[in-house]
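Each chain is listed here by its residues.
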Amino acid sequence: MMSKKHKINYNLFNKIVDKENIKKAYRKALKGKGKYNLEAMEFSMNESANINNLIESLNDETYNFDGYIRFPVFEPKERIVDAPHFKDKIVQLAINNVLKQIYNPTFVFDSYACIDGKGTHKCVDRISHLIRKAKWEYGEDAYIVKLDIKKFFYSIDRELLKSLLAKKIRCKKSLRLIFKIIDSANVIDILGLPLGNTLSQICANIYLNELDNYCKRKLSIKYFVRYMDDCIIVAKNKDEANRILILIGEFVENGLKLQLNSNKSKIFPINQGVNAIGYKIYTTHRLLRNSSKKKIKRKIKAMPKLIMDGKMNIQKAEQILNSWLGHSSHSNSHHFIGKLVSKYDFLYLTDNGVFKVNRNKLVEGVK
């Protein structure tokens, strides 16, 4: 007799095309700047009919993926993003809503990227905890292994990904739809997943879950954390760290058809700390990375002219500042924040610890 769990995996399609699920995906696609997208506004003008037509096309399998919109992004680094059109984004969000219910509970505890209730700050907290615990257990001889996969998203083998999906998903109609979206990347390159696709994030986690399980189950690594393609491991000594680095390199190449980035995949003593997820993490404390400091100083320096030229309003400037402040609050950064306020006199911190911009001082600074 088929278990309830396996029945779900065989009958996913009805959950994907369920009208409430499609509406939920549609509302999510409208969040932020999405609602000002021309395609989104056109879809919204006849919302009910367009949702019904989309569901009908999915049900009878006449749904076609409309290709990609290509544009550059410059944060956190310069990259080319290929994003789906609005209706295709709705479909991907609807699929993602269902897939995460199946896959998120199966991921190892120490996988942190793109999983509900996790994220960068919880990942950093976990790294801090594990390196402290490892030092207590292994002492000064402990070594950190830092792994980075070379051009990860651009190098994913789509056929291997599809075989991994087919292991757990038995619903043929769902697989045909998911594979149609995965294969749409053929117009971009023979390998990889488009960075702008919503499905790329969960598919990347499904792909690297193989690495997680290899590390945890095959190599029995006790201190392990992964955030997308960045992995932090603590080994008991230098020899063990070297052994782990070699074995994982072989698994990544032979099992996942990827390669470690030789410039970023290294081992080093635990007391040296580790640069990860925007911070320099030590066993005793945590600092902002120099790149983060330089970036916020560059943005602050440009703000007065941007605001006075009408290219940025004060509300947006304060939003940028306080977003960064939230990031910095997870590190020992009080001294650096004080230096920013001293240097840029148009900035001040309220009693509640929020950045504000003094417009009068701003005008004086530009003059």
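A short tour of the structure in this document, coming up. Not measured: the values here are computed from a predicted model. (Residues numbered from 1 in each chain as written. Predicted model: local features only at pLDDT ≥ 70, side-chain atom pairs only at ≥ 80, totals over all residues. Heavy atoms only, no water.)

Some points on the sheet that holds strand β3 (residues 143-148)
Which entries qualify depends on this criterion: Being paired, for any two strands, means DSSP has found at least two bridges between them. Elements are defined by DSSP. Helices are runs of H or I of four residues or more, strands are runs of E of two residues or more, and each kind is numbered from the N terminus. Only the stretch in contact is used when a helix axis is fitted, and all axes are lines through C-alpha atoms; the angle between N-to-C directions ranges over 0 to 180 degrees.
The strand order β4-β5-β3-β6 describes an open sheet built from 4 strands, whose pairing is antiparallel. Among the strands making up the open sheet, the edge pair consists of β4 (223-227) and β6 (266-269). In this sheet, adjacent strand axes meet at a mean angle of 15° when their direction is disregarded. Here 6 bridges tie β3 to strand β5 (residues 230-235), and the two strands are oriented antiparallel to one another. Residue pairing in the sheet places Val145 in a bridge with Ile233 of β5.

Examining the pattern of salt bridges
Cut-off, in case you're wondering: A pair is scored as a salt bridge if a Lys or Arg side-chain nitrogen falls within 4 Å of a carboxyl oxygen belonging to Asp or Glu.
On inspection of all chains with the given rule, the structure shows 16 salt bridges. Where Lys87 meets Asp88, a salt bridge forms, and the shortest distance between an N and an O atom there is 3.0 Å. Taking the shortest distance from any N to any O, the salt bridge between Lys100 and Asp116 comes out at 3.1 Å. Placement of Lys100 in helix α6 (residues 86-103) and of Asp116 in the loop between α6 and α7 (120-138) is noted, with a sequence separation of 16 residues between them. Taken together, the shared-partner salt bridges in this structure form one network comprising Asp66, Lys87 and Asp88.

As for the state of the cysteines
Going by this rule: In what follows, a disulfide is any cysteine sulfur pair within 2.5 Å. A simple rule labels every residue: compare its accessible area, found with a 1.4 Å probe on the protein chains alone, to the largest value its type can have, and call it buried under 20%, exposed over 50%, or partly exposed in between.
Taken as a whole, this structure holds 0 disulfides when the rule is applied. For the unlinked cysteine Cys114, the closest cysteine sulfur is that of Cys203, found at 11 Å. Residue classification places Cys114 among the partly exposed residues on the basis of a relative accessible area of 43%.

Some words on helix α13 (residues 290-308)
To be explicit about the condition: To estimate how far a helix should reach, multiply one less than its number of residues by 1.5 Å.
Helix length check: α13 (19 residues) gives 29 Å between terminal C-alpha atoms against 27 Å at 1.5 Å per residue, within 8%. Listed as buried for α13 are Ser292, Ile296, Ile300, Met303, Pro304 and Ile307. Of the residues trailing α13, Gly310 is marked for its positive phi of about 80°.

Focus: the packing of helix α3 (residues 19-29) against α6
What counts, and what does not: The scheme is simple: roughly parallel for angles under 35 degrees, roughly antiparallel for over 145, roughly perpendicular for 65 to 115, oblique for anything else. When the near helix sits turned anticlockwise from the far one by under a right angle, the crossing is termed left-handed; a clockwise turn instead gives a right-handed crossing. We call two residues in contact whenever any of their non-hydrogen atoms come within 4.5 Å of each other. Classification convention: Asp, Glu, Lys, Arg as charged; Ala, Val, Leu, Ile, Met, Phe, Trp, Tyr, Cys, Pro as nonpolar; all other residues, Gly among them, as polar.
With their axes 8 Å apart at the nearest point, α3 and α6 run at an angle of 120° to one another. Considered as vectors, α3 and α6 are oriented oblique to each other. When you trace α3 past α6, the crossing you get is right-handed. In this structure, α3 contributes Asn21, Ile22, Lys24, Ala25, Tyr26, Lys28 and Ala29 to the contact, and α6 contributes Phe86, Lys89, Ile90, Leu93, Ala94, Asn97 and Val98. Broken down by class, the residue content of the contact of α3 with α6 amounts to 9 nonpolar, 2 polar and 3 charged.

Some points on the packing of aromatic side chains
What counts, and what does not: Here the aromatic set is Phe, Tyr and Trp, taking the six-membered ring for Trp, and pairing holds for ring centres within 6.5 Å; pairs whose planes are under 30 degrees apart are stacked, those over 60 apart are edge-to-face, and all others are tilted. Distance and angle both matter: a charge sits over a ring if NZ of Lys or CZ of Arg is within 6 Å of the ring centre and within 35 degrees of the ring normal.
Under the defined criterion, the tally for this structure stands at 11 aromatic pairs. Seen in terms of ring centroids, Tyr103 and Phe107 are 6.4 Å apart; in terms of plane orientation they differ by 20°. Their pairing is stacked. Taking the relative accessible area as the measure of exposure, Tyr103 reaches 4% and is therefore buried. The ring of Phe179 has Lys162 lying over it, and the distance from NZ or CZ to the ring centre is 5.3 Å. The residue whose ring lies beneath Lys293 is Phe336, and the NZ or CZ to ring-centre distance is 5.4 Å.

A word on α7
Taking 1.5 Å as the rise per residue, α7 with 19 residues should run 27 Å; its terminal C-alpha atoms sit 26 Å apart, in good agreement. Of the positions making up α7, those classed as buried are Cys123, Val124, Ile127, Ser128, Leu130, Ile131 and Ala134. Looking at the buried positions of α7, the neighbouring elements they touch are β3, β4, β5, β7 (274-276), β8 (279-281) and β9 (286-288). Positive backbone phi, at 80°, marks Gly139, one or two positions downstream of α7.

Here we look at the nonpolar core
Across soluble globular proteins, nonpolar side chains have a tendency to be buried as a group. Threshold: In this text, buried Ala, Val, Leu, Ile, Met, Phe, Trp, Tyr and Cys residues form a nonpolar core when linked through side-chain atoms within 4.5 Å.
Counting residues in each nonpolar core, the largest one holds 78 residues, and the members touching the most others are Phe152, Leu165 and Ile248. In this structure, Phe152 is in contact with Ala204, Tyr207, Leu208, Met228, Asp229 and Leu258, ignoring residues within four places of it in sequence. If you look at the next biggest cluster of nonpolar residues, it comprises 40 residues, including Ile232, Ala276, Ile281 and Leu347.

Observations regarding the packing of helix α4 (residues 38-45) against α6
Running from N to C, α4 and α6 point in directions that differ by 80°, and their axes come no closer than 8 Å. With respect to their mutual orientation, α4 and α6 come out roughly perpendicular. Of the residues in α6, those in contact with Glu39, Ala40 and Phe43 of α4 are Phe86, Lys87 and Ile90. Within the contact of α4 with α6, the residues separate by chemical class into 4 nonpolar, no polar and 2 charged.

Read these as spatial facts, not as claims about activity.
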